[in-house]
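Examining the three-dimensional arrangement
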Amino acid sequence: QVQLVESGGGLVEAGDSLRLSCAASGRIFSSYTVVWFRQAPGKEREFVAAIQWSTGYRYYTESVKGPYSISRDNAKNTVSLQMNSLKPEDTAVYYCAAGPYVGINYYMREKYDSWGPGPQVTVSS
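Along every chain, residues carry numbers that run from 1 in the direction the sequence is written. Local features in this predicted model are restricted to residues of pLDDT 70 or higher, and side-chain atom pairs are both shown and tallied only at a pLDDT of 80 or more, whereas totals for entire chains, interfaces and linings draw on every residue. The side-chain quantities take in all heavy atoms of the structure and omit both hydrogens and water.

**Thoughts on the overall build of the protein chain**
Put simply, the test is: Secondary structure counts use DSSP, requiring at least four H or I residues in a row for a helix and at least two E residues in a row for a strand, with both numbered from the N terminus. Here the globule rule reads 2.2 Å times residues to the power 0.38, and the radius of gyration is calculated from C-alpha atoms. We call a residue buried when its accessible area falls under 20% of the maximum for its residue type, exposed when it is over 50%, and partly exposed in between, using a 1.4 Å probe and counting protein chains only. For this analysis, residues touch if any pair of their heavy atoms sits within 4.5 Å. The Shrake-Rupley method, run with a 1.4 Å probe sphere, supplies the accessible areas, and residue values consider only the shown protein chains as cover.
Scanning the protein chain for helices and strands turns up zero helices and 11 strands. Ordering the α and β elements of the protein chain from the N terminus gives β-β-β-β-β-β-β-β-β-β-β. A globule of 125 residues ought to have a C-alpha radius of gyration of about 14 Å, and the protein chain, at 13 Å, matches this closely. In terms of overall dimensions, the protein chain has C-alpha extents of about 40 × 25 × 25 Å along its principal axes. Looking at the protein chain residue by residue over its 125 residues, the buried ones come to 45%. Considering only contacts in the protein chain between residues 6 or more positions apart, those separated by 24 or more positions represent 57%. Per element, the accessible surface of the protein chain, about 6,400 Å² overall, is 48% carbon and sulfur.

Structure representation (structure tokens):
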């Protein structure tokens, strides 16, 4: 099981950009998928984006396709989430998670066994 620590959250204005990073201590094996979820106040935790560590395949929830981009740096054991054109409805706690053999179930939170504490992202109007 890897340990994950996110960074890069904060308060921005609508239309701004923000980049979140997720650093893993311990090896991320080729079987792993690394994912970002977010949870807004009073709402369920929802899938945002995922990347397969071995292939680099990327998946996004429909609402963030285009403005968001997930990437990985194998050498640094990090995954980043670039968020552009932020909106107030993007305000949430953003969680990084990782898990093995997730496959096509990348959007299911129960498939991930390692979670970071989650930075707050607040977008003001």
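So that's the structure; there's more coming.
**Thoughts on the sheet that holds strand β1 (residues 3–7)**
Quick reminder of the rule: Two strands make a pair as long as DSSP finds a minimum of two bridges between them. For helices, the fitted axis covers only the stretch in contact; all axes are lines through C-alpha atoms, and the angles between them, taken along N-to-C directions, range from 0 to 180 degrees.
Strand order in this open sheet of four strands is β1-β3-β8-β7, and the pairing throughout is antiparallel. Edge positions in the open sheet fall to β1 and β7 (68–73), since each of these has one partner strand only. If you compare each strand with its neighbour and ignore which way they point, the axes differ by 15 degrees on average. Sheet topology note: the β1/strand β3 (residues 18–25) ladder contains five bridges and is antiparallel. In the sheet register, Leu-4 faces β3, and the bridge partner there is Ala-24.

**Topic: the packing of aromatic side chains**
As a reminder of what qualifies: Stacked, edge-to-face and tilted are the three classes for Phe, Tyr and Trp ring pairs, Trp counted by its six-membered ring, which pair at centre distances within 6.5 Å; planes under 30 degrees apart are stacked, over 60 edge-to-face, the rest tilted. Here, over-ring charges are defined by two tests on the NZ atom of lysine or the CZ atom of arginine: distance to the ring centre within 6 Å, and angle to the ring normal within 35 degrees.
In this structure the tally under the stated criterion is nine aromatic pairs. The interplanar angle of 80 degrees and the centroid separation of 6.5 Å between the aromatic rings of Tyr-112 and Trp-115 together place this pair among those described as edge-to-face. For Trp-115, a relative accessible area of 27% translates into the label partly exposed. Taken together through their ring pairs, the aromatic side chains of Phe-37, Phe-47, Tyr-59, Tyr-95, Tyr-106, Tyr-107, Tyr-112 and Trp-115 make up a single cluster. Sitting over the ring of Tyr-95, Arg-45 keeps its end group 3.7 Å from the ring centre.

**A closer look at the environment of Val-12**
Relative to the assigned elements, Val-12 resides in strand β2 (residues 10–13). Sequence-wise, Val-12 and Val-123 are 111 residues apart; in three dimensions their C-alpha atoms are separated by 5.0 Å.

**What to know about the side chain of Gln-52**
Mapping Gln-52 onto the fold places it in strand β5 (residues 46–52). In this view, Gln-52 contacts Tyr-32, Thr-33, Tyr-57, Tyr-59 and Arg-72; residues no more than four positions away in its chain are not counted.

**Description of the state of the cysteines**
Put simply, the rule is: Cysteine sulfur pairs qualify as disulfides if the two atoms are within 2.5 Å.
Counted according to the given criterion, the structure contains one disulfide. Between the sulfur of Cys-22 and that of Cys-96 lies a disulfide, 2.0 Å long from S to S. Linking Cys-22 and Cys-96, the disulfide has an S-S dihedral of approximately -80 degrees and is accordingly described as left-handed. One end of the pair, Cys-22, is in strand β3; the other, Cys-96, is in strand β9 (residues 92–100), with 74 residues separating them in the sequence. Accessibility expressed as a relative area gives 2% for Cys-22, which makes it buried.

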